[in-house]
Amino acid sequence: MRIAYLAAVTASLFAARQLPRQPDSVPQGDQFACAIAAGRDLDGDGIPDAVIADATPPGGSSLWIVSGREGSVRLRCAIPNEITGVDLVGDIDGDGLSEIALVTGHWDGPTALELLSGRTGSLIRRDDAACWGVRRLWSVRAAGDVDGDGCPDLLVGCAEIAASGATSGIVLVVSGKDGNLLHRFDGGLACTRLGDVDSDGRSDFAIAYFGRVTSTLRWRPWVASIVVYSGRSGAPAFEILGDSSGRECDLDLDGGNEFDGDGSPDLLVGSHKYNWGSKPSGRVRVDSGRSGNLLSNFDRSSMPERRAFEDDSFGEIVRWSSDLNGDGVPEILVGAPEDGAFEGTAYVLSGRDGKPLHTIEGHCGVLVPGEPDRGDRHVGRTLSRAGDLDRDGVEDFLVGNHPYDLGQFGLVRAFSGASGCLLWSIDRDAVLRSNAKAVSAR
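Chemist: What is the right way to look at the packing of aromatic side chains in this model?
Modeler: How two aromatic rings sit relative to each other is set out by the distance from centre to centre and by the angle between their planes. Enumeration over the complete set of coordinates arrives at six aromatic pairs. Seen from their ring centres, phenylalanine 314 and tyrosine 347 are 5.7 Å apart, and the 70 degrees between their planes marks the pair as edge-to-face. Here phenylalanine 314 is found in the loop between strand 20 (294–299) and strand 21 (317–320), whereas its partner tyrosine 347 is found in strand 23 (residues 345–349), with 33 residues between them in sequence. We classify phenylalanine 314 as buried; its relative accessible area is 0%. Ring centres 5.6 Å apart and planes at 20 degrees place the aromatic pair phenylalanine 397 and phenylalanine 415 in the stacked group.

Structure (structure tokens):
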């Protein structure tokens, strides 16, 4: 049994490392909403806006800049290559509005980090992966001001493929001002801005690893770990070890919210392979950003049952929200895109007790011979806190469907944080009909 279990874990190692698979020969379908980001004002109207990546083949990609007020398309940025990651990173060019960072390129070709103006969609700077000594960039997250120059910086995830075919991760910390490399962490997988944990005026950050504990330089197979780093020095502050059984190997991270009232930002951790091999699987936990101590823990078994399968992916993506119900504790957004028969579910969980405040469920469509499947599937593949879109004083949230499958359709919906009611929705057909102003991000 032990040998069989280790073989199964080994076979899933690529998935466990949260790194992209090499593309299949079968063409993919609608890639609308392959990445989304929201929560910052891009047009100066005082309401946070959103960006939606669309890598639908053939040809290049589009980045749609969408008004948070009503879900209408304001700009279409034409991107020659595939988009694999996007985030709103803060004001870099000094115009008072956030910029957009995105990773572009092809799996078997060059990749780059591009910085676009949030106001106009025009290209501010483009840095090729080769300038940092890596080949494949894959993701980008806002880092806050790490180096103390008054300009927000970036966390960039890389997926490196050796000649043997083995996949490894690298996390780069890159200056938002000039693109200079600030720190490099080999073996790093998921990463997030944490906030100023050590009160030195710099933004700190956390990186997830699998099989290695960097601060002690010890190799521990089948054990996930998270290391919290000082933004000022890049030195590890402390590490958090995962479950030693090897059943916690695929982590997603988010930071920046204070959870326990100690004045320090805390860390949100999703592990959709926790208790992998059993059903239901997956959990979400909150760790102290100050000490790494476990503050709270919610698993899939406490959620309403939806024909649970062996891997429902509860916790595949996790994001903080703000306090939506007025109890003084921030809420948690959780995606379970494989929930049920791949319909997917997005949850808004109470930070106090983990009970669902809002639940967004997908459904299978009615199949008509000769027609594409328009079922609402893989709900919660992408999530984002959105800021207060409807001006009711409560933060709202976005839920994306990114189905991967040929013949299915991507969708992004905005929901009220107060009531869970739909505010607006948008899909690829809608953006193509919008006649939005097109901008070449070159």
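Chemist: Help me understand the pattern of salt bridges in this model?
Modeler: A side chain of one charge can pair with a side chain of the opposite charge if their charged atoms are brought near each other. Using the criterion set out here, one finds 17 salt bridges in the structure. With its nearest N and O atoms 2.5 Å apart, the salt bridge here joins arginine 126 to aspartate 128. Overall, aspartate 128 belongs to the partly exposed group, its relative accessible area being 38%. Where aspartate 327 meets arginine 352, a salt bridge forms, and the shortest distance between an N and an O atom there is 3.3 Å. With aspartate 327 in the loop between strand 21 and strand 22 (332–336) and arginine 352 in the loop between strand 23 and strand 24 (356–361), this pair connects stretches of sequence that are 25 residues apart. A network of salt bridges, in which partner residues are shared, links Glu114, Arg126 and Asp128.

Chemist: Can you help me understand the sheet that holds strand 19 (residues 283–287) in this one?
Modeler: The strands that make up a sheet pair up through hydrogen bonds in the backbone, lying either parallel or antiparallel. Read across the open sheet, the four strands follow the order 17-18-19-20; overall the sheet is antiparallel. Here the strands that pair on one side only, and so sit at the sheet edges, are strand 17 (251–257) and strand 20. Sheet twist, expressed as the mean angle between neighbouring strand axes with direction ignored, is 15 degrees. When strand 18 (residues 266–271) meets strand 19, the two strands line up antiparallel, connected through five bridges. Considered in strand 19, the bridge of serine 271 is made with arginine 283.

Chemist: Looking at this structure, I do not really get the side chain of arginine 285. What am I missing?
Modeler: Relative to the helices and strands, arginine 285 resides in strand 19. In terms of polar contacts, arginine 285 uses its side chain to reach the side chain of aspartate 287, at 2.8 Å.

Chemist: Sorry, what's going on with the sheet that holds strand 6 (residues 99–105) here?
Modeler: Reading across the sheet, the four strands line up as 5-6-7-8 and stay open at both edges, with antiparallel pairing between neighbours. What marks the edges here is a single partner per strand, and that holds for strand 5 (82–90) and strand 8 (123–128). Ignoring strand direction, the axes of neighbouring strands in this sheet form an average angle of 20 degrees. Relative to strand 7 (residues 111–116), strand 6 runs antiparallel, the two being bridged by six bridges. Opposite leucine 102, over in strand 7, you have glutamate 114 as the bridge partner.

Rules used in this analysis
- Residues numbered from 1 in each chain as written.
- Predicted model: local features only at pLDDT ≥ 70, side-chain atom pairs only at ≥ 80, totals over all residues.
- Heavy atoms only, no water.
- Phe/Tyr/Trp six-rings, centres within 6.5 Å; stacked < 30°, edge-to-face > 60°.
- Helix = DSSP H or I, 4+ residues; strand = E, 2+ residues; numbered from the N terminus.
- Buried < 20%, exposed > 50% of the residue type's maximum accessible area, 1.4 Å probe, protein only.
- Salt bridge = Lys/Arg side-chain N within 4 Å of Asp/Glu carboxyl O.
- Pairing = 2+ DSSP bridges.
- Axes fitted to C-alpha atoms, helices over the stretch in contact; angles between N-to-C directions.
- Polar contact = N/O pair within 3.5 Å; in protein donor to acceptor, adjacent residues only side chain to side chain.

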